[in-house]
Amino acid sequence: MIAIFSCTCKWFDEIAKRVLWKEFCHARAPKMMQDLHSSGSHIVDGNWKALGKLLIYCSGCTKGGLFGNTHLPGHFVYRTRFSRTVGKCLLPPQCRTDVLYVSDSCEHLDLGAEGDVGLFRGIIKSFSVSNIKRLLIEKQVKFHPEELCPYCKAKLWNLKQPKMIRRSASVRLDAYDDSVEYYVCLNGHILGLCALMPISDSEDTKEE
Ligand SMILES: [Zn+2]
Ligand SMILES: [Zn+2]
Ligand SMILES: [Zn+2]
């Protein structure tokens, strides 16, 4: 009965899903959603699903994809904090007034030769009118030739090529210098990787 009802109208289905994803996002990260909505910014309806996925899913990466030879399986992450403060450190100096929410590093440990790797993901508020988007266009940064955003399937800019990632990013993420790399998609989702310092070392520095 429900199946018949839900198939009578694709349109209704779509609306229902959007409402559900929107509610999901608000329940999951109320403060962040409120901020993403403030000062004239808004999230396009169709992007709630992408945002919902971003909140709970670490997309991993495939060999020969976004991050060279690193291959990491994607997986659900049930608890992730997203931080504006950490986001600030990831933005280029000219873009400090932009707002970027970035997740804790999702730690993929003991990968042999590659050591410990952290994956992070996030979203830039009002990306379409952000400084960072303007800068990427000014610098004529190229899109990745094949890979698409795992959350919304849009094209991705690599911020490592134009050297737009500051050293403070690696300090903030407990990562090795210059190991931080990230991409921004056309909808403002970010996707990044860094080589994490050994756990004992980073704990020492935190206690200082
Ligand atoms: Zn239907
Ligand atoms: Zn992960
Ligand atoms: Zn995206």
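Fair warning: this is a prediction, and the values are worked out from it, not measured in the lab.

### A look at the coordination of the zinc ion (ligand 2)
Note on the zinc ion (ligand 2): its protein donors are Cys58 (SG), His75 (NE2), Cys106 (SG) and His108 (NE2). The metal-donor distances range over 2.1 to 2.3 Å. Metal-centred angles of 95 to 115 degrees between the four donor atoms at the zinc ion (ligand 2) mark the site as tetrahedral. The sequence pattern describing where the donors of the zinc ion (ligand 2) fall on their chain is C-x16-H-x30-C-x1-H. Here cysteine 58 is found in strand β1 (residues 57-58), whereas its partner histidine 75 is found in strand β2 (residues 75-76), with 17 residues between them in sequence. Of the residues examined, cysteine 58 reaches a relative accessible area of 2% and is grouped as buried. By relative accessible area, histidine 75 is classed as partly exposed at 27%.

### What about the packing of aromatic side chains?
Aromatic ring pairs are reported here in terms of the distance separating the ring centres and the angle at which the planes meet. Summed over the entire model, instances satisfying the criterion amount to six aromatic pairs. Taken together, Phe127, Phe143 and Trp157 form an aromatic cluster joined through their ring pairs.

Conventions and cut-offs
- Residues numbered from 1 in each chain as written.
- Chains lettered and ligands numbered in written order.
- Predicted model: local features only at pLDDT ≥ 70, side-chain atom pairs only at ≥ 80, totals over all residues.
- Heavy atoms only, no water.
- Donors = N, O, S within 2.8 Å, 3.2 Å for Na, K, Ca; no water.
- Tetrahedral: all angles 85-135°; square planar, octahedral: opposite > 155°, others 65-115°.
- Helix = DSSP H or I, 4+ residues; strand = E, 2+ residues; numbered from the N terminus.
- Buried < 20%, exposed > 50% of the residue type's maximum accessible area, 1.4 Å probe, protein only.
- Phe/Tyr/Trp six-rings, centres within 6.5 Å; stacked < 30°, edge-to-face > 60°.

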